[in-house]
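# Observations on the three-dimensional arrangement
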Amino acid sequence: MLRGIDVSAYQPSSYDTDGLSFVFVKASEGRSYVNPRLTAQTKCGRDAGLVVGFYHFLWPGDINAQAAYFVANAPERAGDILAVDWETTGDGTHASNAEKDRFIRRVKNLRPDHRVVLYCNRNFWLNIDTTSYAGDGLWIADYVTAGKPRIKAKWLFHQYTDDPHDRDVADFADRDELREWAAGD
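This report concerns the structure included in the present document. Along each chain, residues carry numbers from 1 onward, in the same order as the chain's sequence is written. Totals for whole chains, interfaces and linings use all residues, but because this is a predicted model, local features are given only for residues with pLDDT of at least 70 and pairs of side-chain atoms are given and counted only at 80 or more. The side-chain quantities take in all heavy atoms of the structure and omit both hydrogens and water.

## A few points about the overall build of the protein chain
Secondary structure counts use DSSP, requiring at least four H or I residues in a row for a helix and at least two E residues in a row for a strand, with both numbered from the N terminus. From N to C terminus, the protein chain includes five helices and nine strands. Order of helices (α) and strands (β) in the protein chain, N terminus to C terminus: β-β-β-α-β-α-β-α-β-α-β-β-β-α. On C-alpha atoms alone, the protein chain measures out to a radius of gyration of 15 Å, which is about the 16 Å that the 2.2 N^0.38 rule sets for 185 residues. Per-residue accessibility, obtained with a 1.4 Å probe over protein chains only, is compared with the maximum for each type, and a residue is labelled buried under 20%, exposed over 50%, and partly exposed between these values. Taken over 185 residues, the protein chain has a buried fraction of 51%. The long-range share in the protein chain, meaning contacts at least 24 apart out of those at least 6 apart in sequence, stands at 59%. Our radius of gyration looks at C-alpha atoms and nothing else; its globule reference is 2.2 Å times the residue count to the power 0.38. Contact definition: two residues touch when any of their heavy atoms are within 4.5 Å.

## Observations concerning the packing of helix H2 (residues 63–73) against helix H3 (residues 97–110)
To obtain an axis, a line is fitted to C-alpha atoms, over the contacting stretch when the element is a helix, and the angle between two such axes runs from 0 to 180 degrees between their N-to-C directions. One can describe the packing of H2 onto H3 by two numbers: an axis separation of 9 Å at closest approach and a directional angle of 45 degrees. Relative to H3, the element H2 lies oblique. The chirality of how H2 crosses H3 is right-handed. In this structure, H2 uses Ile63, Asn64, Gln66, Ala67, Ala68, Phe70 and Val71 to contact H3, whose residues at the interface are Glu99, Arg102, Phe103, Arg106, Val107 and Leu110. We call Asp, Glu, Lys and Arg charged. Ala, Val, Leu, Ile, Met, Phe, Trp, Tyr, Cys and Pro are nonpolar, and the rest, Gly among them, are polar. When its residues are assigned to classes, the contact of H2 with H3 shows eight nonpolar, two polar and three charged. Convention used here: angles under 35 degrees read as roughly parallel, angles over 145 as roughly antiparallel, angles from 65 to 115 as roughly perpendicular, and any remaining angle as oblique. Left-handed describes a crossing whose near helix is turned anticlockwise from the far helix by less than a right angle; the clockwise case is right-handed.

## A word on the layout of surface pockets
Here a cavity is any set of points on a 1 Å grid over the protein atoms alone where a 1.4 Å probe fits but cannot get out, and a pocket is any open set with protein on both sides within 12 Å along at least 5 of 7 lines; a residue lines the site when it has an atom within 4 Å of a point. Grid points are joined across faces, edges and corners, and a volume is the space filled by probe spheres set on the points. Quantified by volume, the largest pocket comes out at close to 330 Å³. Looking at the largest pocket, it is lined by 20 residues, and the ones nearest its centre are Ser8, Tyr55, Asp85, Glu87 and Asp166. Among the elements of the structure, strand S1 (2–7), strand S4 (51–57), strand S6 (115–121) and strand S7 (138–141) are those that each provide at least two residues to the lining of the largest pocket. Looking at the lining of the largest pocket residue by residue, the class counts come to 10 nonpolar, four polar and six charged. Considered as a void within the structure, the second largest pocket measures approximately 200 Å³ in volume. Of all the secondary structure elements, the ones that give two or more residues to the lining of the second largest pocket are S1 and strand S9 (167–170). Counting residues per element, the lining of the second largest pocket draws most heavily on S1, at four residues. Grouping the constituent residues of the lining of the second largest pocket by class yields six nonpolar, three polar and five charged.

## Here's the deal with the side chain of His158
If you trace the backbone, His158 turns up in strand S8 (residues 157–161). A relative accessible area of 0% means that His158 is categorised as buried. In the analysis that follows, any N or O atom pair within 3.5 Å is treated as a polar contact, provided that within protein one partner can donate a hydrogen and the other can accept it, and provided that, for residues neighboring in sequence, both atoms belong to side chains. Within the local environment of His158, its side chain forms a polar contact with the backbone oxygen of Asp142, the two atoms lying 2.7 Å apart. Polar side-chain contacts of His158 include one of 2.9 Å to the backbone nitrogen of Gly147. Not counting residues up to four positions away in its chain, the partners in contact with His158 are Trp139, Ile140, Asp142, Val144, Thr145, Ala146, Gly147, Lys148, Pro149, Arg167, Asp168 and Val169.

If you want it as structure tokens, here you go:
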């Protein structure tokens, strides 16, 4: 298992990369928010040689516009991973299952050379998802032992805690295997 983290504007621009193989950086949300620390957090990960991914916090409505907004704001480099963060919004709503599926497909269409994965928590995966469509892979949040999420589906990334920040593991043998997968090899 590889170790990684995910960061947003709640974390500093520079973060500890010791022992990490990957980082997911929040890029955007809805159609109007861009992480003000996106550039610096991306640089921190790249400077440490991490595999870098970007995520978009999905809101219900206008999926094509959100997908375009995400790819316009997420840095584009070969081998970067893109993710949709599908969960409850600050106003208590969430994108529908169909909207989640359309968003993944639209991002995949806009950035065909990039892996696109679904991030969601265990409850969304088991109780809201009706298609099990996760694009190129599932990134599951379930706060239990690292690498042992309580689902039967194949997952690639597991967010296992948010204390003191979001920490993840990836189901790859080593960083080279993750890089090859991310590059589409």
